[in-house]
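Report on the structure
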Amino acid sequence: MLIRRPSFLPSLEELEQQAQDRSAQSGPPGSQFDHPTAKYIFFVGLWITVVAHVVGGVLFAIIKF
């Protein structure tokens, strides 16, 4: 049984061309992130990690003494 690709999906050639076009584009100089959402998720995760460690350290100091 052969499963056919639906006509509303792009062809493999079109997908390959889109991937090549995306890889040819470069981000701003010095940027390590290709996608703005990835940058925001990274910084939010970093912020939550720092805050959690500070709060944990304060609670540990209060409980310990």
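Residues numbered from 1 in each chain as written. Predicted model: local features only at pLDDT ≥ 70, side-chain atom pairs only at ≥ 80, totals over all residues. Heavy atoms only, no water.

**Topic: the overall build of the chain**
Put simply, the test is: Only DSSP runs of H or I covering at least 4 residues are called helices, and only runs of E covering at least 2 are called strands; the numbering of each starts at the N terminus. To get the radius of gyration, use the C-alpha atoms; to get the globule rule, take the number of residues to the power 0.38 and multiply by 2.2 Å. Throughout, exposure labels follow a simple rule: accessible area from a 1.4 Å probe, protein chains only, divided by the maximum for the residue type, with under 20% read as buried, over 50% as exposed, and the rest as partly exposed. The Shrake-Rupley method, run with a 1.4 Å probe sphere, supplies the accessible areas, and residue values consider only the shown protein chains as cover. The positive count covers Lys and Arg only, the negative count covers Asp and Glu only, and His and the chain ends enter neither. To locate a charge, take NZ of a lysine, CZ of an arginine, CG of an aspartate or CD of a glutamate.
In terms of regular secondary structure, the chain is built from 2 helices and 0 strands. By the compact-globule yardstick of 11 Å for 65 residues, the chain is too spread out, its C-alpha radius of gyration being 23 Å. Viewed in the frame of its principal axes, the chain has a C-alpha envelope of about 70 × 40 × 15 Å. Looking at the chain residue by residue over its 65 residues, the buried ones come to 0%. Total accessible area computed for the chain in this model is approximately 6,400 Å², and 67% of it derives from carbon and sulfur atoms. The chain carries 5 positive and 5 negative side-chain charges, and their two centres are separated by 16 Å.

**Some words on the environment of Q18**
If you trace the backbone, Q18 turns up in helix α1 (residues 12–24). Residues Q18 and V55, spaced 37 residues apart in sequence, show a C-alpha to C-alpha distance of 46 Å.

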